[in-house]
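If you want the building blocks of each chain, they are given just below.
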Amino acid sequence: MAIYQIGGQSIHSDDPAFPELLAGIYSSRERPLCLCRTPYIEMYVAKVDEKYLVKRMPNSGSGHAPACDSYEPPPELSGLGQVIGSAIQEDPDEGTTALKFDFALSKGPSRSAPGPNGKETDSVKTDGNKLTLRGTLHYLWEEAGFTRWTPTMAGKRSWYVIRKYLLQATEDKTAKGASLAEMLYMPESFNADKKNEITQRRLAQMMRIAAPEKGAQRFMLAVGEVKELARSRYGHKIVLKHLPDCHFMMNDDIYKRLLKRFEVELCLWDSLEGTHLMMISTFRIGITGVASLEEVALMCVTENWIPFESTFEKMVLDALTQQNRRFVKGMRYNLSSTRPLACAVASDTAPEPTAMYVVPPGAGEDYAAALDKLIAESKLSSWKWVVGEATMPSLPEHGR
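Residues numbered from 1 in each chain as written. Predicted model: local features only at pLDDT ≥ 70, side-chain atom pairs only at ≥ 80, totals over all residues. Heavy atoms only, no water.

Under the annotation held in an unreviewed UniProt entry, the protein carries the name DUF1173 domain-containing protein and is attributed to Verminephrobacter aporrectodeae subsp. tuberculatae.

> I'm lost on the overall build of the protein in this one. Help?
For the protein, the count of helices and strands is ten helices and 23 strands. The C-alpha atoms of the protein give a radius of gyration of 23 Å, which matches the 21 Å a tight globule of 400 residues would have. For the C-alpha atoms alone, the extent of the protein along its principal axes is close to 65 × 60 × 60 Å. Across the protein, every contact between residues at least 6 apart in sequence was considered, and the portion connecting residues at least 24 apart equals 61%. (Helix = DSSP H or I, 4+ residues; strand = E, 2+ residues; numbered from the N terminus. Rg over C-alpha atoms; globule rule 2.2 N^0.38 Å. Contact = heavy atoms within 4.5 Å.)

> Just to check I follow, could you spell out the pairing of strand β15 (residues 236-240) for this structure?
Note on strand geometry: in a regular strand, side chains alternate between the two faces of the sheet. The buried fraction of β15 amounts to five of the five residues, a majority that puts the element mostly inside the structure. Residues H236, I238 and L240 point to one face of β15 and K237 and V239 to the other, with burial holding for every one of them. As defined by bridge partners, strand β14 (residues 220-231) adjoins β15 across five bridges and the pair is classed as antiparallel. Note on β15: the bridge partner recorded for R231 is H236. (Buried < 20%, exposed > 50% of the residue type's maximum accessible area, 1.4 Å probe, protein only. Pairing = 2+ DSSP bridges.)

> Before we go on, may I ask you to explain the sheet that holds strand β11 (residues 178-179) in this structure?
Pairing between sheet strands relies on hydrogen bonds along the backbone, with the strands arranged either parallel or antiparallel. One open sheet holds the four strands; their spatial order is β6-β7-β10-β11, and the pairing between them is mixed. In this open sheet, the two edge strands, each paired with only one partner strand, are β6 (88-91) and β11. With three bridges connecting them, strand β7 (residues 96-99) and strand β10 (residues 173-175) associate as parallel partners. Counted as the bridge partner of A98 is T174 from β10.

> Can you help me understand the pattern of salt bridges in this one?
Oppositely charged side chains are able to pair whenever their charged atoms sit close together. Tallied over the entire structure, the rule returns 20 salt bridges. One salt bridge connects D245 with R202, and the closest N-O pair in it is separated by 3.7 Å. Residue D245 is located in the loop between β15 and β16 (248-250), and its partner R202 is located in helix α6 (residues 195-206); the two are separated by 43 residues in the primary sequence. By relative accessible area, which is 7% here, R202 ends up buried. Two residues, E377 and K373, come together in a salt bridge whose shortest N-O distance is 2.8 Å. Of the two residues, E377 and K373 are both situated in helix α10 (residues 365-377); the distance of four residues between them amounts to about one turn of the helix. Judged by relative accessible area, E377 falls into the exposed class, the value being 56%. It is possible to trace a salt-bridge network through shared partners that takes in K55, E143, D172 and K173. (Salt bridge = Lys/Arg side-chain N within 4 Å of Asp/Glu carboxyl O.)

> Is there a simple way to explain the packing of aromatic side chains in this structure?
How two aromatic rings sit relative to each other is given by the distance of their centres and the angle of their planes. Scanning the entire structure with this criterion turns up eight aromatic pairs. A network of ring pairs unites the aromatic residues W141, F146 and Y165 as a single cluster. Positioned above the aromatic ring of Y26 is the side chain of R29, whose terminal nitrogen or guanidinium carbon lies 5.7 Å from the ring centre. Across from the ring centre of F262, 4.5 Å away, lies the NZ or CZ of R261, which sits over that ring. (Phe/Tyr/Trp six-rings, centres within 6.5 Å; stacked < 30°, edge-to-face > 60°. Lys NZ or Arg CZ within 6 Å of the ring centre and 35° of its normal.)

> For this particular structure, what's the right way to read the pairing of strand β17 (residues 276-285)?
For β17, the tally of buried residues reaches nine of ten residues, placing the bulk of the element in the interior. Note: β14 against β17, six bridges, orientation antiparallel. Bridge pairing in β17 links M220 to F283. Bridge analysis of β17 against strand β18 (residues 291-301) gives ten bridges, and the strand direction is antiparallel. Looking at the pairing, F283 lines up with L293 of β18. Hairpin geometry of β17 and β18 is characterised by an intervening segment of five residues between the two adjacent antiparallel strands and by a positive phi of about 90 degrees at G289.

> I'm lost on the packing of helix α7 (residues 252-261) against helix α8 (residues 263-271) in this one. Help?
Helix packing geometry: the angle between the two helix axes and the distance between the axes. Two elements in contact, α7 and α8, have axes separated by 4 Å at closest approach and are oriented at 75 degrees. By the angle between their axes, α7 is roughly perpendicular relative to α8. The residues of α8 that touch α7, namely those facing L258, L259, K260 and R261, are E263, E265 and L266. Of the residues contributing to the contact of α7 with α8, the split by class is three nonpolar, no polar and four charged. (Axes fitted to C-alpha atoms, helices over the stretch in contact; angles between N-to-C directions. Parallel < 35°, antiparallel > 145°, perpendicular 65-115°, else oblique. Nonpolar A, V, L, I, M, F, W, Y, C, P; charged D, E, K, R; others polar.)

Now the structure itself:
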């Protein structure tokens, strides 16, 4: 439970008067102060889905106390450091976040490449780092709080909860000048008694992109849990849980590339009991109402909905949860698999959190050198498991 100072008054976040206080200072841009450390840490108020929320200032998460709800590991320990400030641009004054995607949300008529005009360019420019499809899912997962774990969360996560907080995480986000919330579809929890109502809401949302706009076919984003990859009459399809009456169609080309690119995720999903396989995709809708995939990425999560990349990462995460530890899972975002990152940061060690690293089998000298550099430059203590050289070490000592 967080404690803030607003207008010289200290107040708990669960105080019945807290929402009214936030509403009162929202338009004045007064900054609430988080009391987790001294000196107190400045926050800001955002309006999300007609509710007022206190959020941490950009790049301030690692300055909060490890037990604070606003604590976030240093961004350089994960892929967040590569995209924050470029692909992810927070505006505390407006209470919004603008995202830059490296994937298309529409497709227009094919155009021929322009021919040379005889003029030399006198400069070059970069678009900076943009969020990949997988990076976008990692960001939303982190924003929704599903990379964090405390023992009190056990048994409290379901698809209803996952959907609720992922959708809430999109409310103050924009991309390409449009609301991210309006471009994202997530299946509602299936209810046979309300099947027709659910279907009508889905159609109302999806069919908005069926008609081309200014000659371009518009796409939407979809996030859901994969039930199966199956054959269709003329290709293949992804069937999502909670969505029995709408499948996402794939031609043979995208299906073959999906199997190759996400071979690891599909293998983990198939072999590790309790694993959920998450899909994020861009898709288009034809006038017939059929959804077809344009681009897709997959991510494995544990039975507690915590993301993982390998059997060894899952072993670490399972050990942490079984021993009732508090931790934050490190997310890769756009980083390639050849770059090291913290598997997790144990937030219950003393005097500071501990960054935990898993070195995969076959990691080369470049990987080892990059990891040594990451550990040396980090302010956090470290824990390392070199898979194949030793059994998993004991977890970092609990700070109590």
